[in-house]
Amino acid sequence: MTTGQRDSRTAVDKALALLRAFGDEATTGVGVSELARRTELSKSTAFRLLGILERNGAVERAGSNYRLGPMIHDLPTPESAPEIDMLRDVLTPFLSILYEQSRQTVHLAVLQGSEVVYLNKLHGFHRVPSPSRIGGRVPAYCTGIGKAMLAYDPVLIDQVCSGELPAITPHTITDPDKLRRQLARVKEQGIAFDFEEVRRGLNCVAAPVMSPTHTPVAALSISGPVGKFDPRRWATPLRQISFEASKVYAAQLRARRQRAAVMKSA
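Residues numbered from 1 in each chain as written. Predicted model: local features only at pLDDT ≥ 70, side-chain atom pairs only at ≥ 80, totals over all residues. Heavy atoms only, no water.

- The name that an unreviewed UniProt entry assigns to the protein is Helix-turn-helix domain-containing protein, with the source organism given as Raineyella fluvialis.

In structure tokens, the structure reads:
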């Protein structure tokens, strides 16, 4: 839109343009200035509309950025979105590596709102009943894989810690201050643990897969039975595999954007 030209779009048109503008960063987050640029809106207009969308759950804060919110994720849609397909395709090979090395149950998940959504799962030899299933959701605060992503979003941490933290097991952390301290360590160390917090008899270690802007796009985890699986032993190898997964994800994201740019200019 040229400078001085009147924008004839309605408020609804502008809001929908903002939602479409997230693109590949729908789950990782985009700043207000960038969204305004992509939609040819003023920053003040974009900020005002994002506030309305946030109050209605269509977007949510991701640190200083915004990402699509629970209302959008909960809408009836095809089984998967392109960005979720990409995450699953790119990261499942690393899930297989984790399984081959550990022979324990391994998970790939993303964070949607304050819940973990499981994208893939490979069962280990020593099965312990767990609430995880592909497509299933569990609260992030009581799972290693959830805490591995939650730790990097201070706005979401405030939201979670100011709400109820029901005890799923006797080991679930329900004290907000204790949870905050643990999440601070997770962010510092790049690794998260769950010691029987979501299921008695089950321990877990998890690490985030990071975007090029250093925000988690997903996480990988290993879980196994208490007494047969020591999650601390797997912290270093899991951190390394997640680091390699982050590099491959970043390369795939760059390639995808380059293809999109070529198609747009063709």
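Back to the text.
### Considering the nonpolar core
Okay, step 1: Counting residues in hydrophobic clusters, the biggest one holds 31 residues, and the most contacted among them are Leu87, Leu91, Val205 and Leu220.
Okay, step 2: Those elements that place two or more of their residues in this core are helix 5 (82–102), strand 3 (105–112), strand 4 (115–122), strand 7 (202–210), strand 8 (216–225) and helix 9 (235–265).
Okay, step 3: With 28 residues, the next largest nonpolar core counts Ala151, Ile157, Ile173 and Ala219 among its residues. (Core = buried A, V, L, I, M, F, W, Y, C linked by side-chain atoms within 4.5 Å. Buried < 20%, exposed > 50% of the residue type's maximum accessible area, 1.4 Å probe, protein only. Helix = DSSP H or I, 4+ residues; strand = E, 2+ residues; numbered from the N terminus.)

### Quick notes on the pairing of strand 4
Okay, step 1: Along strand 4, six of the eight residues are buried, which leaves the element largely enclosed by surrounding structure.
Okay, step 2: In textbook terms, the turn of a hairpin is the stretch between consecutive antiparallel strands, and for strand 3 and strand 4 this stretch comprises two residues, one of which, Gly113, has a positive phi near 65°.
Okay, step 3: Bridging between strand 4 and strand 5 (residues 137–139) involves three bridges; their strand directions are antiparallel. Pairing of Val117 across the sheet is with Arg137, part of strand 5. (Pairing = 2+ DSSP bridges.)

### Here we look at helix 9
Okay, step 1: With 31 residues, helix 9 extends 45 Å from end C-alpha to end C-alpha; this agrees with the ideal 45 Å at 1.5 Å per step.
Okay, step 2: Among all positions in helix 9, only Ala235, Leu238, Ile241, Ser242, Ala245, Ser246, Tyr249, Ala250 and Leu253 are buried.
Okay, step 3: Turning to helix 9, the residues buried within the fold contact helix 5, strand 6 (192–195), strand 7 and strand 8. (Expected span 1.5 Å × (residues − 1). Contact = heavy atoms within 4.5 Å.)

### Description of helix 3 (residues 43–55)
Okay, step 1: Compared with the 18 Å implied by 1.5 Å per residue over 13 residues, the 18 Å span of helix 3 between its first and last C-alpha is a close match.
Okay, step 2: Of the residues making up helix 3, those classed as buried are Thr45, Ala46, Leu49, Leu50, Gly51 and Leu53.
Okay, step 3: Looking at the buried residues of helix 3, the elements they touch are helix 1 (11–20), helix 2 (32–39), strand 1 (59–62) and strand 2 (65–68).
Okay, step 4: Once helix 3 ends, the next one or two residues include Gly57, with phi positive near 80°.

### So, the side chain of Thr105
Okay, step 1: Turning to its location among the elements, Thr105 is positioned in strand 3.
Okay, step 2: Each residue touching Thr105, except ones within four places of it in the same chain, is listed here: Lys121, Leu122, His123, Gly124, Ser221, Ile222 and Ser223.

### Remarks on the sheet that holds strand 7
Okay, step 1: The antiparallel open sheet is built from six strands, whose spatial order is 5-4-3-8-7-6. On the outer flanks of this sheet lie strand 5 and strand 6, each paired with one strand and no other. For this sheet the average axis-to-axis angle between neighbouring strands, irrespective of direction, equals 30°.
Okay, step 2: Here strand 3 pairs with strand 4 via seven bridges, running antiparallel. Directly across from Leu111, in strand 4, lies its bridge partner Val116. (Axes fitted to C-alpha atoms, helices over the stretch in contact; angles between N-to-C directions.)

### Observations concerning the state of the cysteines
Okay, step 1: One pass over the full model with this rule turns up zero disulfides.
Okay, step 2: Among the cysteines around Cys142, which has no disulfide bond, Cys204 carries the closest sulfur, lying 11 Å off. (Disulfide = S-S within 2.5 Å.)

### Focus: the pattern of salt bridges
Okay, step 1: With the rule as written, the count across this model stands at 12 salt bridges.
Okay, step 2: Linking Glu60 and Arg67 is a salt bridge whose minimum nitrogen-to-oxygen distance equals 2.9 Å. Side by side, Glu60 and Arg67 carry an identical accessibility label, which is buried.
Okay, step 3: Across the pair Arg88 and Asp85 runs a salt bridge whose closest N-O atoms are separated by 3.4 Å. (Salt bridge = Lys/Arg side-chain N within 4 Å of Asp/Glu carboxyl O.)

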